[in-house]
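Structural description and commentary
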Amino acid sequence: MGGEKIDLKPLEENRYELDVRGYSCPYPEVFARRALEKIDSGEILELKLDNKPSCERVPLAVEEEGHECLDVDQLEKALWMIRIRKK
């Protein structure tokens, strides 16, 4: 798992996108945790993914760390976005 390159992309002030499509558990969770370490408190991480089980696992994992899962939206048939506010 050490060689993956996932880019945290700034969208606008205080909002970032992380596209983890193509990855299955536990990778989206791991990448979300790493991304949250790189942004400031109060900022929003928008995680795009195509792995349905991660739609349950990622919110639980980030909330265990004290962050707030704002919502999980299905954008397309096999595409979701999880919005997380870093605490």
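Here the structure is a predicted model, which is why all the values come from computation and not from measurement.

To continue, consider the pattern of salt bridges. For the coordinates displayed, the defined rule picks out twelve salt bridges. Residue glutamate 65 pairs with arginine 33 through a salt bridge whose shortest N-O separation is 2.4 Å. Highlighted residues: glutamate 65 in the loop between α2 (54-64) and β4 (68-76) and arginine 33 in helix α1 (residues 27-38), separated in sequence by 32 residues. Residue glutamate 68 is joined to arginine 85 by a salt bridge in which the shortest nitrogen-to-oxygen separation is 3.0 Å. In this pair, glutamate 68 is assigned in strand β4 and arginine 85 in strand β5 (residues 79-85), connecting sequence segments 17 residues apart. Judged by its relative accessible area of 30%, arginine 85 is partly exposed.

Summarizing the sequence annotation, UniProt attributes the feature "domain: UPF0033" (unreviewed entry) to residues 18-42 in the numbering used throughout. Along residues 18-42, the helical share is 48% and the strand share 8%, with 17 Å between the first and last C-alpha atoms.

The next subject is the side chain of lysine 86. Within the secondary structure layout, lysine 86 lies in the segment after β5. No salt bridge is formed by the buried lysine 86. Its closest oppositely charged neighbour is aspartate 40, at 6.2 Å. Look past the residues within four positions of lysine 86 in its chain and what remains in contact with it is Leu36, Glu37, Ile39, Asp40, Ser41, Gly42, Glu43 and His67.

Our focus in this paragraph is the packing of α1 against α2. Their axes nearest at 9 Å, the elements α1 and α2 cross at an angle of 35°. When the axes of α1 and α2 are compared, the crossing they make is right-handed. Facing Pro28, Glu29, Ala32, Arg33 and Leu36 of α1, the residues of α2 in contact are Ser54, Arg57, Val58, Ala61 and Val62. Its residues placed into classes, the contact of α1 with α2 shows six nonpolar, one polar and three charged.

Before going further, it helps to examine the pairing of β5. Regular strands show a simple pattern: their side chains alternate between the two faces of the sheet. Where burial is concerned, most of β5 is hidden: five out of the seven residues are buried. Relative to β5, strand β3 (residues 44-49) runs antiparallel, the two being bridged by six bridges. Counted as the bridge partner of leucine 47 is isoleucine 82 from β5. Inspection of the sheet shows β4 paired to β5 by seven bridges, in the antiparallel sense. Paired with cysteine 69 across the two strands is isoleucine 84, which belongs to β5. Linking two consecutive strands that pair antiparallel, namely β4 and β5, is a turn of two residues.

Conventions we followed
- The residue numbers shown here count from 1 along each chain, following its written sequence.
- Given that the model is predicted, a residue must reach a pLDDT of at least 70 before its local features are reported, and side-chain atom pairs must reach 80 or more before they are shown or counted; all residues, however, enter totals for whole chains, interfaces and linings.
- Calculation of side-chain values draws on the structure's entire complement of heavy atoms; hydrogens and water are dropped beforehand.
- In what follows, salt bridge is the name for a side-chain nitrogen of Lys or Arg lying within 4 Å of a carboxyl oxygen of Asp or Glu.
- Here a strand is any run of E in DSSP of at least two residues, a helix any run of H or I of at least four, and the numbering for each starts at the N terminus.
- In this scheme, a residue with accessible area under 20% of its type's maximum is buried, one over 50% is exposed, and one in between is partly exposed, where area comes from a 1.4 Å probe on protein chains only.
- UniProt positions are given in the numbering used here, feature names are shortened, and annotations may be inferred rather than shown by experiment.
- Residues scored as charged are limited to Lys and Arg (positive) and Asp and Glu (negative), so that His and the chain ends carry no count.
- Between two residues, a contact is recorded if the distance between any of their heavy atoms is within 4.5 Å.
- Interaxial angle, 0 to 180 degrees, is taken between N-to-C directions of lines fitted to C-alpha atoms, where a helix line uses only the stretch in contact.
- Each crossing gets its hand from how the near helix is turned against the far one by less than a right angle, where anticlockwise is left-handed and clockwise is right-handed.
- Three classes are used, and their members are as follows: Ala, Val, Leu, Ile, Met, Phe, Trp, Tyr, Cys and Pro are nonpolar, Asp, Glu, Lys and Arg are charged, and the others, Gly among them, are polar.
- Only when DSSP finds a minimum of two bridges between them are two strands counted as paired.

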